[in-house]
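Examination of the molecular architecture
Chain by chain, the residues:
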Amino acid sequence: MNTKKPDIIIEDPWKQLKDYTKARIAMGRCGSSIPTKELLDFRLAHAKAIDAVHIPLNTVDLVSELEKIVREHVFVAYSKADNRDVYLKRPDLGRKLSSDSVDLLNSIPINSNYDIALVVSDGLSATAIKRNIIPFFNLLYPELDRSYSLSPVVIVKQARVAIGDEIASLFNAKLVVNMIGERPGLKSPDSMGIYMTYNPGVGITDEKRNCISNIRKDGLSYELACSKLMYLISESIKKGISGVDLKDEQDPNSLK
């Protein structure tokens, strides 16, 4: 007697496409619903995304690791958002430095001719910074250090993208690179983005920025992101522009 139970999961005809993407596609169905495994995977992904937004960035460990790379002091600053709830409800406060942080950065002896201000921000995913910033910085910093004058590295908590512009203006830097945790997706709670702005200052709007997104193990590789950023920095400083005015004309062969 054949005692094998019938398979109650009906596979999606596009199932083979799952070999080419981690997106939630071709899940199949069980009756009128999705299979239990897919439902549990969805709930786990949702929980990871929530955690990415709310888990605080461990700046103690991060400062220690970054200082090994840059071989000088790394500073920690804060936005005007006092806590995570305020940060999520008041994006405008995440774009501005706290008064104590302004005083801190103003107290740092600086070179008046920095090419680039380097900023690391928790953004909407401290998980992204925790997982990606050190391996990425290990590639990026030596490349930048060979060619440009770099400001002290500043880590910012409860930060939005635009806070990097204020930091760069305090350092009198020509250009800012803000590496920040991106809004988590249900398949990407650890995605890091980079925002680059030439001639940064308070009030700069988004069309003046260039963005490199989805930097993570299962997204854009550190090597490709570093190559793309170095190209954009070179072109931005050479032409004195960024954002929509700066076209990406990098040779695709150079990214292989």
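Described below are features of the structure shown in this document. (Residues numbered from 1 in each chain as written. Predicted model: local features only at pLDDT ≥ 70, side-chain atom pairs only at ≥ 80, totals over all residues. Heavy atoms only, no water.)

**Remarks on the overall build of the protein**
Scanning the protein from N- to C-terminus turns up eight helices and six strands. Each helix and strand of the protein, ordered N terminal to C terminal, gives the series α-α-β-α-α-α-β-α-β-α-β-β-β-α. Counting only C-alpha atoms, the protein reaches 85 × 45 × 35 Å along its principal axes. Buried residues in the protein amount to 45% of all 256 residues. Total accessible area computed for the protein in this model is approximately 14000 Å², and 52% of it derives from carbon and sulfur atoms. Taking the average place of the 35 positive charges on the side chains of the protein and the average place of its 33 negative ones, the gap between the two points comes to 6 Å. (Helix = DSSP H or I, 4+ residues; strand = E, 2+ residues; numbered from the N terminus. Buried < 20%, exposed > 50% of the residue type's maximum accessible area, 1.4 Å probe, protein only. Areas by Shrake-Rupley, 256 points an atom, 1.4 Å probe, with all protein chains shown as cover. Lys, Arg positive; Asp, Glu negative; His and termini not counted. Charge placed at Lys NZ, Arg CZ, Asp CG, Glu CD.)

**A few points about the sheet that holds strand E1 (residues 75–78)**
With mixed pairing, six strands are arranged side by side in an open sheet as E1-E3-E2-E4-E5-E6. The open sheet has two free edges, formed respectively by E1 and strand E6 (209–215), since each of these has just one partner strand. Averaged over all neighbouring strand pairs, the angle between strand axes comes to 20 degrees, with direction disregarded. Summarising the sheet, strand E2 (residues 116–121) and strand E4 (residues 175–181) pair through six bridges and their orientation is parallel. Within E4, the residue paired with Ile116 across the bridge is Leu175. Docked against the sheet, helix H2 (residues 59–70) engages E1, E2 and strand E3 (154–157), running at close to 165 degrees with respect to E3. (Pairing = 2+ DSSP bridges. Axes fitted to C-alpha atoms, helices over the stretch in contact; angles between N-to-C directions. Contact = heavy atoms within 4.5 Å.)

**As for the nonpolar core**
Core analysis: the largest hydrophobic core is formed by 41 residues, its most contacted members being Leu118, Phe136, Phe137, Val177 and Met179. Of all elements in the fold, only H2, E2, helix H6 (126–147), E4, strand E5 (192–198), E6 and helix H8 (222–239) reach the threshold of two or more residues within this core. Here the element with the most residues in this core is H6; it accounts for ten residues. In contact with Met179, other than residues within four places in its own chain, are Leu118, Val119, Val120, Ser121, Ile129, Ile133, Phe136, Phe137, Leu140, Met192, Gly193 and Ile194. Core analysis: the second largest hydrophobic core is formed by 18 residues, Leu105, Val119, Ile163 and Val176 among them. (Core = buried A, V, L, I, M, F, W, Y, C linked by side-chain atoms within 4.5 Å.)

**Considerations on a nonpolar patch on the surface**
Taken together, the side chains of Trp14, Leu17 and Tyr20 define a hydrophobic patch exposed on the protein surface, amounting to about 420 Å² of accessible area. Within the secondary structure layout, Trp14 lies in the segment before helix H1 (36–54). (Patch = residues over 30% accessible without salt bridge, like charges linked within 9 Å, V, L, I, M, F, W, Y side chains within 5 Å. Salt bridge = Lys/Arg side-chain N within 4 Å of Asp/Glu carboxyl O.)

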